[in-house]
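These are the residues of each chain, in order.
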Amino acid sequence: MKTIAKIRGGVGDLTKPDISARPQDNLYLAVNSKWQKDAKIPADRTEIGVNTDIDMKIEKKLMHDFDQIASGKEKMPDVKDFDKAIKLYQIAKNFKKRDQDGAEPIKTDLNKLIALKDFAEFNKEAVKIDEFAGLPFGFDVEADMKNTKVHVLEFGGPGTFLPDTTSYQQDDAKKLLEILKKQTIKLLTMAGVDEAKAENYVDQALKFDAKLAKVVKSTEEWADYPAAYNPYSMSDFLAKLKSFDMKGFLEELIPQLPDRVIVLEPRFLDHAEELINADNFEEIKGWMITKFINGAAGSLSQEFREAAFPFSQALSGQGELTPQDRHAYYTANGSFDEVIGIYYGKKYFGEKAKADVTDMIHRMIKVYEERIQDNDWLSDETKKKAIVKLRALVFKIGYPDKIEKIYDLLQVDPQKSLYENEKAMGKTLEKYSLSKLTEPVDRSVWLMPGNLNNACYDPQRNDITFPAAILQKPFYDLHQSRSQNYGGIGATIAHEISHAFDNNGAKFDEFGNMKNWWTDADFKEFNKRTQAAIDIYDGLQYGPAKLNGKQIVSENIADLGGLTCAIQANKAEGGNMKELFENYARSWAQKQRPEAIKTEIATDVHAPQPTRVNIPSQCQDEFYEAFDVKKTDGMWLDPDKRVTIW
């Protein structure tokens, strides 16, 4: 007799198929092992699975359409600015010209960086450098978290060379940085830089990167979204930087200086003066050159693309470089995703499906409201405010009715290189973003395009986006049972609703403003339950790495709430609970390369997909009833260990 009990995530290794697994011991393996056993990861990808399959189908359709339109076999669709996407696709796909050009498109900008003689010149030229190379700090304009009708200027630090600050404590950190060094030296010499000078630039870059890694935020810290709101008066902010003329930089960059700045990374600001100064000039210069050449290589010849692949390959395990045709599609989609998403939605998303999904959304909202009303740990005062927020949710389904203004401003010149076009569009995009500082917030903007297989909740707009691309099998299909749809898109809908009440979303009101609408006692209990959600995932082994419960808590709260509400909706319709759980497990099927797992766990606020099945299921009483799970089974969790928040 088995004596297994209280096992988080069931028994067995999710990365290894077990075709004899029972749902009672490991739901994920019981549903997915047969697929997992035979699944092959394509050489040019880092994973395969349900989501990858959907992504590949979408890409195949759109790449075929792009080729037909680009060759004149099909007429240009009646979608504003779509012709620009096709032009960029053609430029990106023209490797004959890209190979002929070699490093020529970047030489002027690379030489500008190399020619920088001292910190004073760097300071003077910083705005122009910002048009093509990364600076050791950054500004953005976003809605004010405490007044989402207006925009604010935000300041933060740069990213590190390795995926996360925690990556520098891993055993393979030195090896990865050595790969980056070797790759960068090769790229620079290919661009005409003397090898000894190239090596010096990279050595200086690595010194500066090591300093950055000690002060910029980790992914775990970024996961605490409200903690990024740190208002400084402009005078207090500028006083933190003495060597670099930040006031002069901002006056040249934006139309007028605002009264305050939101500092996303206070620790970085506290250390900014010791990082950005004349003594560190050679390190900063080497760092900018290193960032530039690695970032620009993908826009150059095939030879440059191949030379820039080893570091990415080491981080992801991807066997082969992304093929040229798909690279061209990714390039066009990267600049014109909303335009392409509207085209995809109009051509491939049916009104019948939209109506059915809209009906499911309203059902899930009703279920959520019932669960809040019946909640046994919230006071009536907090319940009322939660329901106000719930009823104020805005849903964006399929694709937007209008494109954002930026796409009218972006221009593509077929006579110029891919690098030159991307640089020009980047400049236009930055100018557009910064110009919003004096404009009211446009709440109609979509965070995701229609061709993206994903969904999201925006706490500052209190809206949920369901792109057309996610509304397909196994998440959703008009021809599969309602129970299966609840296990797929139903759980996803409720997952996004749950984000309005996760550890971050719970701190924003119905207008998207950061505001405490909880009683002290209720929020104390909420934090206690949030900690339980952290603890149940923390340290869980998945392949070569362990999960960080704090980093992934907001998504796990949403998974728990999403599945709970999908179950209640299914139960109200007398649905088949086994079908729901099985399709829920099926929708997270995934097989990844070990390197990709390590990078994902270091950088993502989501748990890896297979780990998102068993624990949420273990926390549902209905799972035990549906599969007759006993105390001696691997999926059993004692009732007091089951986490319930919403």
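Given the structure is predicted, the values throughout are model-derived calculations rather than measurements.

Peer 1: Just checking my understanding: could you explain the overall build of the protein for this structure?
Peer 2: If you tally the helices and strands in the protein, you get 27 helices and 11 strands. Taking 2.2 N^0.38 as the reference for a compact globule, 646 residues should give roughly 26 Å; the C-alpha atoms of the protein span a radius of gyration of 25 Å, in line with that estimate. By principal-axis analysis of the C-alpha atoms, the protein measures approximately 70 × 55 × 50 Å.

Peer 1: Can you help me understand empty space enclosed by the protein in this one?
Peer 2: Where empty space is left in the structure can be found by rolling a water-sized probe over the atoms. In the structure shown here, the tally under the stated rule is 1 cavity of 30 Å³ or more. Roughly 30 Å³ of volume is contained in the largest cavity. In terms of residue class, the lining of the largest cavity is built from 3 nonpolar, 2 polar and 2 charged.

Peer 1: Looking at this structure, how should I read the pattern of salt bridges?
Peer 2: It is possible for side chains of opposite charge to pair when their charged atoms get near one another. Scanning the model with the defined rule gives 39 salt bridges in all. Between D13 and K16 there is a salt bridge, with the nearest N and O atoms lying 3.2 Å from each other. Taking relative accessible area as the criterion, D13 reaches 31% and is therefore assigned partly exposed. R260 is the partner of D144 in a salt bridge, and the nearest nitrogen-oxygen pair spans 2.3 Å. Pair noted here: D144 is in strand 2 (residues 138-144) and R260 is in strand 5 (residues 260-263), with a separation of 116 residues, a long-range link. For D144, a relative accessible area of 2% translates into the label buried. Residues joined by salt bridges that share partners form a network here, namely D356, D359, R363, R482 and E573.

Peer 1: Any chance you could explain the sheet that holds strand 5 here in plain terms?
Peer 2: Strand pairing in a sheet relies on backbone hydrogen bonds, with the paired strands running either antiparallel or parallel. What the 4 strands build is an open sheet, ordered 2-3-5-4; its pairing is mixed. The strands lining the two open edges of the sheet, one partner per strand, are strand 2 and strand 4 (231-233). The sheet shows a mean angle of 40 degrees between the axes of neighbouring strands, taken without regard to direction. When strand 2 meets strand 3 (residues 147-156), the two strands line up antiparallel, connected through 7 bridges. Residue pairing across strands places D144 opposite N147, the latter belonging to strand 3.

Peer 1: Is there a simple way to explain a positive patch on the surface in this structure?
Peer 2: Residues K57, K61, K473 and R586 make up a contiguous surface patch of positive charge. As for its placement among the helices and strands, K57 is situated in helix 2 (residues 50-70).

Peer 1: Can you walk me through the nonpolar core in this structure?
Peer 2: Nonpolar side chains tend toward joint burial in soluble globular proteins. Core analysis: the largest hydrophobic core is formed by 118 residues, its most contacted members being F336 and W646. Excluding residues that lie within four positions of it along the chain, F336 makes contacts with D81, K84, A85, L88, Y407, L410, V412 and M425. Residues L188, F244, F249 and I276 belong to the second largest nonpolar core, which totals 76 residues.

Peer 1: Sorry, what's going on with the sheet that holds strand 8 (residues 463-467) here?
Peer 2: Overall, mixed pairing links the 3 strands, which are arranged 6-8-7 in an open sheet. The strands lining the two open edges of the sheet, one partner per strand, are strand 6 (394-398) and strand 7 (456-458). Each strand axis lies, on average, 15 degrees off the axis of its neighbour in the sheet, ignoring direction. Where strand 6 lies against strand 8, 5 bridges are found, and the strand directions are parallel. The residue bridging I397 from the neighbouring strand is F466, located in strand 8.

Peer 1: Would you take a moment to explain the environment of T438 for this structure?
Peer 2: Here T438 shows up in the loop between helix 20 (418-435) and strand 7. For T438, a relative accessible area of 52% puts it in the exposed group. For the pair formed by T438 and Q256, sequence separation is 182 residues and the distance between their alpha carbons is 8.9 Å.

Peer 1: Help me understand the side chain of N333 in this model?
Peer 2: Examined against the element boundaries, N333 turns out to sit in helix 16 (residues 324-348). N333 sits in the buried class, given a relative accessible area of 18%. Only 3.0 Å separates the side chain of N333 from the side chain of N451, close enough to count as a polar contact. Ignoring any residue separated from it by four or fewer positions in sequence, one finds N333 in contact with I340 and N451.

Peer 1: Looking at this structure, how should I read helix 2?
Peer 2: It helps to recall that an α-helix has 3.6 residues per turn; residues three or four apart then point in one direction. Over its 21 residues, helix 2 runs 30 Å from end to end, which matches the ideal 30 Å to within 8%, given 1.5 Å per residue. For helix 2, the set of buried residues is V50, N51, T52, I54, I58, E59, L62, M63, D65, F66, Q68 and I69. Of the residues trailing helix 2, G72 is marked for its positive phi of about 85 degrees.

Peer 1: Is there a simple way to think about helix 25 (residues 594-603) in this case?
Peer 2: All buried positions along helix 25 are accounted for by A596, I597, E600, I601 and A602. On its buried side, helix 25 packs onto helix 9 (219-222), helix 15 (309-316), strand 9 (541-542), strand 10 (545-546) and strand 11 (590-592).

Peer 1: I tried to follow the packing of helix 16 against helix 20 on my own but got confused; where do I start?
Peer 2: Axis angle and axis distance: for two packed helices, these are the angle between their axes and the distance between the axes, and together they describe the pair. For the pair helix 16 and helix 20, interaxial distance at closest approach is 11 Å and the crossing angle is 20 degrees. With respect to helix 20, the axis of helix 16 lies roughly parallel. Read as a crossing pair, helix 16 and helix 20 show a hand that is left-handed. Across the interface between the two elements, H327, T331, S335 and F336 of helix 16 pack against L418, E422 and M425 of helix 20. Of the residues in the contact of helix 16 with helix 20, the class split is 3 nonpolar, 3 polar and 1 charged.

Peer 1: What exactly am I supposed to notice about unusual backbone geometry here?
Peer 2: A negative phi angle characterises most non-glycine residues, just as the trans form characterises most peptide bonds. At the junction of K473 and P474, the peptide bond is cis and its omega measures out at 5 degrees in the coordinates. Within the secondary structure, P474 sits in the loop between strand 8 and helix 21 (482-499). Even without a glycine there, the phi angle at D81 is positive, about 70 degrees. Tracing the backbone through its elements, the reader meets D81 in the loop between helix 2 and helix 3 (82-93). Even without being glycine, D628 reaches a positive phi, approximately 50 degrees. With respect to the helices and strands, D628 occurs in the segment after helix 27 (621-627). Accessibility expressed as a relative area gives 46% for D628, which makes it partly exposed.

Conventions we followed
Residues numbered from 1 in each chain as written. Predicted model: local features only at pLDDT ≥ 70, side-chain atom pairs only at ≥ 80, totals over all residues. Heavy atoms only, no water. Helix = DSSP H or I, 4+ residues; strand = E, 2+ residues; numbered from the N terminus. Rg over C-alpha atoms; globule rule 2.2 N^0.38 Å. 1 Å grid on protein atoms, 1.4 Å probe; cavity = no way out; pocket = protein on both sides within 12 Å on 5 of 7 lines; lining within 4 Å. Points joined across faces, edges and corners; volume = space filled by probe spheres on them. Nonpolar A, V, L, I, M, F, W, Y, C, P; charged D, E, K, R; others polar. Salt bridge = Lys/Arg side-chain N within 4 Å of Asp/Glu carboxyl O. Buried < 20%, exposed > 50% of the residue type's maximum accessible area, 1.4 Å probe, protein only. Pairing = 2+ DSSP bridges. Axes fitted to C-alpha atoms, helices over the stretch in contact; angles between N-to-C directions. Patch = residues over 30% accessible without salt bridge, like charges linked within 9 Å, V, L, I, M, F, W, Y side chains within 5 Å. Areas by Shrake-Rupley, 256 points an atom, 1.4 Å probe, with all protein chains shown as cover. Lys, Arg positive; Asp, Glu negative; His and termini not counted. Charge placed at Lys NZ, Arg CZ, Asp CG, Glu CD. Core = buried A, V, L, I, M, F, W, Y, C linked by side-chain atoms within 4.5 Å. Contact = heavy atoms within 4.5 Å. Polar contact = N/O pair within 3.5 Å; in protein donor to acceptor, adjacent residues only side chain to side chain. Expected span 1.5 Å × (residues − 1). Parallel < 35°, antiparallel > 145°, perpendicular 65-115°, else oblique. Left-handed = near helix turned anticlockwise from the far one by under 90°.

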